[in-house]
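Structural characterization, general
Here's the letter readout for the chains.
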Amino acid sequence: MTDRYDPTGEAAVWERAAQLVANMALDTGPEDRWNVALSQASRALENEARAVRQGTGGMYYRVITGEDYTPQS
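These numbers were taken from a predicted model, which means no experiment stands behind them.

**A closer look at helix H2 (residues 33-53)**
The end-to-end C-alpha distance of H2 is 31 Å, a good match for the 30 Å that 21 residues give at a rise of 1.5 Å each. Of all the positions in H2, only Asn-35, Leu-38, Ser-42, Leu-45, Ala-49 and Arg-53 are classed as buried. Projected down its long axis, H2 shows its buried positions confined to an angular sector of 95 degrees, all on one face. Buried residues belonging to H2 abut helix H1 (10-22). A distance of 2.8 Å separates the backbone nitrogen of Trp-34 from a side-chain oxygen at the start of H2, and that oxygen is part of Asp-32.

Here's what the structure looks like:
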């Protein structure tokens, strides 16, 4: 099943890249400069994934009621 908010899979690629970058962190603690840089890079990649999944109105649509909702074009 394809994700209706990511039909091309582009957001999934950004999310996977964010995970890979986050996994590069060292065991030296979160305050280590290298870990801080990796954390910032990971968040930037996650933001790209979020932007791909946003609708035309700038909203990130999620079904809450269980009814099928199609964003307006």
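**As for the packing of H1 against H2**
It is the contact of H1 with H2, at a shortest axis distance of 8 Å, that shows an interaxial angle of 170 degrees. By the angle between their directions, the pair H1 and H2 is classed as roughly antiparallel. For the pair H1 and H2, contact is made by Glu-10, Ala-11, Ala-12, Trp-14, Glu-15, Ala-17, Ala-18, Val-21 and Ala-22 and by Leu-38, Ala-41, Ser-42, Leu-45, Glu-46, Glu-48, Ala-49, Val-52 and Arg-53, respectively. Its residues assigned to classes, the contact of H1 with H2 shows 12 nonpolar, one polar and five charged.

**Digging into the environment of Glu-15**
Along the chain, the position of Glu-15 falls in helix H1. Each C-alpha atom of the pair Glu-15 and Ser-42 lies 8.7 Å from the other, and the pair is 27 residues apart in sequence. In contact with Glu-15, not counting residues within four places along its chain, are Ala-49 and Arg-53.

**A few points about the side chain of Asp-6**
By the secondary structure assignment, Asp-6 is in the segment before H1. What makes Asp-6 buried here is its relative accessible area of 5%. At 3.0 Å, the side chain of Asp-6 and the backbone nitrogen of Glu-10 are in polar contact. From its side chain, Asp-6 meets the backbone nitrogen of Ala-11 in a polar contact 3.0 Å long. Dropping the residues within four chain positions of it, Asp-6 is found in contact with Ala-11, Ala-12, Val-52 and Arg-53.

The rules behind each value
Positions within a chain are numbered from 1, following the residues in the order the chain's sequence is written. Only residues with pLDDT of 70 or above have their local features reported here, since the model is predicted, and side-chain atom pairs are shown and tallied only from 80 upward, although totals for entire chains, interfaces and linings are computed over all residues. Derived side-chain values reflect all non-hydrogen atoms in the structure, with water molecules and hydrogen atoms excluded from consideration. Helix numbering and strand numbering both begin at the N terminus, where a helix is a DSSP run of H or I of at least 4 residues and a strand a DSSP run of E of at least 2. Multiplying 1.5 Å by the residue count of a helix minus one yields the expected span of that helix. Each residue's exposure class comes from its accessible area (1.4 Å probe, protein chains only) as a fraction of the maximum for that residue type: buried when under 20%, exposed when over 50%, partly exposed otherwise. Note: the arc covers the axis-to-C-beta directions of the helix. Two residues form a contact once any of their heavy atoms are found within 4.5 Å. Here a polar contact is taken to be a pair of N or O atoms separated by no more than 3.5 Å, where protein atoms must pair a possible hydrogen donor with a possible acceptor and residues adjacent in sequence count only if both atoms sit in side chains. Fitted lines through C-alpha atoms serve as axes, helices being fitted only where they are in contact, and the angles separating the N-to-C directions of these axes extend from 0 to 180 degrees. With respect to orientation, any angle under 35 degrees is reported as roughly parallel, any angle over 145 as roughly antiparallel, any angle of 65 to 115 as roughly perpendicular, and every other angle as oblique. In this classification, the charged set is Asp, Glu, Lys and Arg, the nonpolar set is Ala, Val, Leu, Ile, Met, Phe, Trp, Tyr, Cys and Pro, and all remaining amino acids, among them Gly, are polar.

As far as function goes, none of this settles anything; it's purely spatial.
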